[in-house]
Amino acid sequence: KVYITQSMAETPAQSVIGEGDAAALAYNLESVRARIAAAATAAGRPSPPSLVAVSKTKPVELLRIAYDRGQRDFGENYVQEVVAKAPQMPADVRWHFIGHLQSNKAKDLVAAAPNLFCVHTVDSLKLAQELQKRIAAARPDNPLAIMVQVNTSAEASKSGVAPADCAALAAEVARSCPLLRVCGLMCIGKYSADEGSALSDFEALVQCRARAAEALGVDAASLELSMGMSHDFEQAVAAGATAVRVGSTIFGRRG
Ligand SMILES: *Cc1c(COP(=O)(O)O)cnc(C)c1O
């Protein structure tokens, strides 16, 4: 079934969102929630993972519709979109940064949203130290959650540390960045037309978590796994994701 109309996918950022589009989005959001819950139940998990609604390239009107349906976690890939959207959304939104972040943009990102909740894409000590510095200046009483991004598929096009390096980076960030809370690991599954192509990525991230937990001296279960997107979130839930990042299945195709 196709739930999002062509007109919605092509709606320019300035236009008014029609009632039919609002209804479609609400329907999509509910059906993604239901699919996450069903996958969690099927995997025998006591509670479903959280849903980060990935709103990159989408106008703030659509984010508000999702917000009105109870969505609070929103994921963005581009610093300038957080800068533009955060002031237009309620203060209880939890912004997740899920795009590649250059150290020289950390300042703008932290300044954009006092409610920046988690950066999923920390892949170097340099970036972590820059975030630490900016959080210390902007909100020293409110630590920032971060995840270490792992390039589980070793694709040159993807950011992230090699699986063998993630535990050391997590431990070094925890040691040297007191205002960052290392809350877990993130990966982007390999995309291919075959079902299940990302499964080895998800399993690799679970292995990385065991090693990161040991290096951090915490229980593996206390660390999050951010994995799964529109085309593979149910497999990610089955593999143990604690947060899935779903965009186009909720908001429609991106232009
Ligand atoms: C865009 C994006 C998503 C969401 O992708 P969809 O296929 O639209 O669900 C999730 N994670 C990352 C890192 C992304 O860049």
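Anything mentioned here points back to the structure above.
Residues numbered from 1 in each chain as written. Predicted model: local features only at pLDDT ≥ 70, side-chain atom pairs only at ≥ 80, totals over all residues. Heavy atoms only, no water.

### Structural notes on the pattern of salt bridges
A complete count under the given rule lists 9 salt bridges for this structure. For the salt bridge of E130 with R134, the shortest nitrogen-to-oxygen distance reads 3.0 Å. With a gap of 4 residues between them, E130 and R134 both fall in helix α6 (residues 125-138), about one helical turn apart. By relative accessible area, E130 is classed as buried at 18%. We note a salt bridge from E172 to R175, for which the minimum N-O separation is 2.8 Å. Here E172 and its partner R175 are both found in helix α7 (residues 166-176), 3 residues apart, which amounts to about one turn of the helix. For E172, a relative accessible area of 25% gives the class partly exposed. (Salt bridge = Lys/Arg side-chain N within 4 Å of Asp/Glu carboxyl O. Helix = DSSP H or I, 4+ residues; strand = E, 2+ residues; numbered from the N terminus. Buried < 20%, exposed > 50% of the residue type's maximum accessible area, 1.4 Å probe, protein only.)

### Here we look at the packing of aromatic side chains
Tallied over the entire structure, the rule returns 1 aromatic pair. Taking 6.1 Å as the distance between ring centres and 45 degrees as the angle between the ring planes, the aromatic pair formed by F74 and W95 counts as tilted. Taken together, the residues span a long stretch of sequence, with F74 in strand β2 (residues 73-76) and W95 in strand β3 (residues 94-97) at a distance of 21 residues. Taking the ring centre of Y67 as reference, the NZ or CZ of R72 above it sits at 3.6 Å. Over the ring of F117 we find R94; its NZ or CZ atom is 5.9 Å from the centre of that ring. (Phe/Tyr/Trp six-rings, centres within 6.5 Å; stacked < 30°, edge-to-face > 60°. Lys NZ or Arg CZ within 6 Å of the ring centre and 35° of its normal.)

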